[in-house]
Amino acid sequence: MGSYFEATVVADLAKDGYMVHYRTLLKEDLSGPLREVASAAEVRPRPPQDLAAWADPHPLLMYISASAPSERYRMNDVVDGFDKEGWWWGRITGRRGDSYSVFFETTGDEIFYHKNLLRTHQEWTNGRWSLAMLIPIGLLINLGFILL
């Protein structure tokens, strides 16, 4: 896990994997989209449309307050943020207007993204998409699931 880049498979190289043509990842000299060999384990289909982009994840808000703002994501939701030519997974840590703060555990960075540059993170496992259930290791330690 870490980052995901959209690409098209242009050739099946059998045991060597696939030749892919990236949509946004560029060659080092910036002369055009990068083409390279990717292993079968690195290739997955595009995730399904992000339901958070058009569905209110808080249907009970309308019963709590008629003026309650509709939020696309909640604290600690696992999301992908589009940055530096690809999608990077992180966790929602805050909100300001239409932007969300995302903490990236792999780098320690916390960055604000407009909601249109985020999507719900999904995992490709055993040929199926599922919502991510990433739990911070600190929480597992605090709850006693991991002993040091």
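Draft legend 1. The confidence of the model for the protein, seen in detail. Counting all residues, the mean pLDDT for the protein is 79, and 74% of those residues have values of 70 or more. Throughout residues 54-69 the model reports pLDDT below 50, and contacts reaching past four residues in sequence, or to other chains, amount to 11 contacts.

Draft legend 2. Broad picture of the nonpolar core. Grouped together as the largest cluster of nonpolar side chains are eight residues: Y73, V79, I92, Y100, V102, F104, Y113 and L118. The greatest single-element share of this core, amounting to three residues, is contributed by strand β7 (residues 99-104). Sequence-distant contacts of I92, defined by excluding residues within four places in its chain, comprise Y73, R74, M75, N76, D77, V79, Y100, S101, V102 and L118.

Draft legend 3. Main features of the packing of aromatic side chains. Per the counting criterion, the structure on display carries six aromatic pairs. A centroid spacing of 6.0 Å and a plane angle of 85 degrees characterise the contact between F5 and W88, whose relative ring orientation is edge-to-face. One end of the pair, F5, is in the loop between β1 (3-4) and β2 (7-12); the other, W88, is in strand β6 (residues 86-96), and 83 residues separate them in sequence. Classification of W88 as partly exposed rests on a relative accessible area of 28%. Seen from their ring centres, F82 and W87 are 5.2 Å apart, and the 65 degrees between their planes marks the pair as edge-to-face. A relative accessible area of 26% places F82 in the partly exposed class. Exposure remark for W87: the relative accessible area of 17% places this residue in the buried category. Taken together, the ring pairs connect F5, Y22 and W88 into an aromatic cluster. The ring centre of F112 lies 3.9 Å from the NZ or CZ of R96, which sits over that ring.

Draft legend 4. A look at the sheet that holds β2. Spatially, three strands are ordered β2-β3-β4 in an open sheet, and the strand pairing comes out antiparallel. A strand with exactly one partner marks an edge of an open sheet, and here the two such strands are β2 and β4 (33-38). Direction aside, the axes of adjacent strands within the sheet are offset by 25 degrees on average. Sheet topology places β2 next to strand β3 (residues 18-26); five bridges connect them, and they run antiparallel. Across the sheet, A11 pairs through a bridge with M19, a residue of β3.

Cut-offs applied
Residues numbered from 1 in each chain as written. Predicted model: local features only at pLDDT ≥ 70, side-chain atom pairs only at ≥ 80, totals over all residues. Heavy atoms only, no water. pLDDT = per-residue confidence, 0-100. Contact = heavy atoms within 4.5 Å. Core = buried A, V, L, I, M, F, W, Y, C linked by side-chain atoms within 4.5 Å. Buried < 20%, exposed > 50% of the residue type's maximum accessible area, 1.4 Å probe, protein only. Helix = DSSP H or I, 4+ residues; strand = E, 2+ residues; numbered from the N terminus. Phe/Tyr/Trp six-rings, centres within 6.5 Å; stacked < 30°, edge-to-face > 60°. Lys NZ or Arg CZ within 6 Å of the ring centre and 35° of its normal. Pairing = 2+ DSSP bridges. Axes fitted to C-alpha atoms, helices over the stretch in contact; angles between N-to-C directions.

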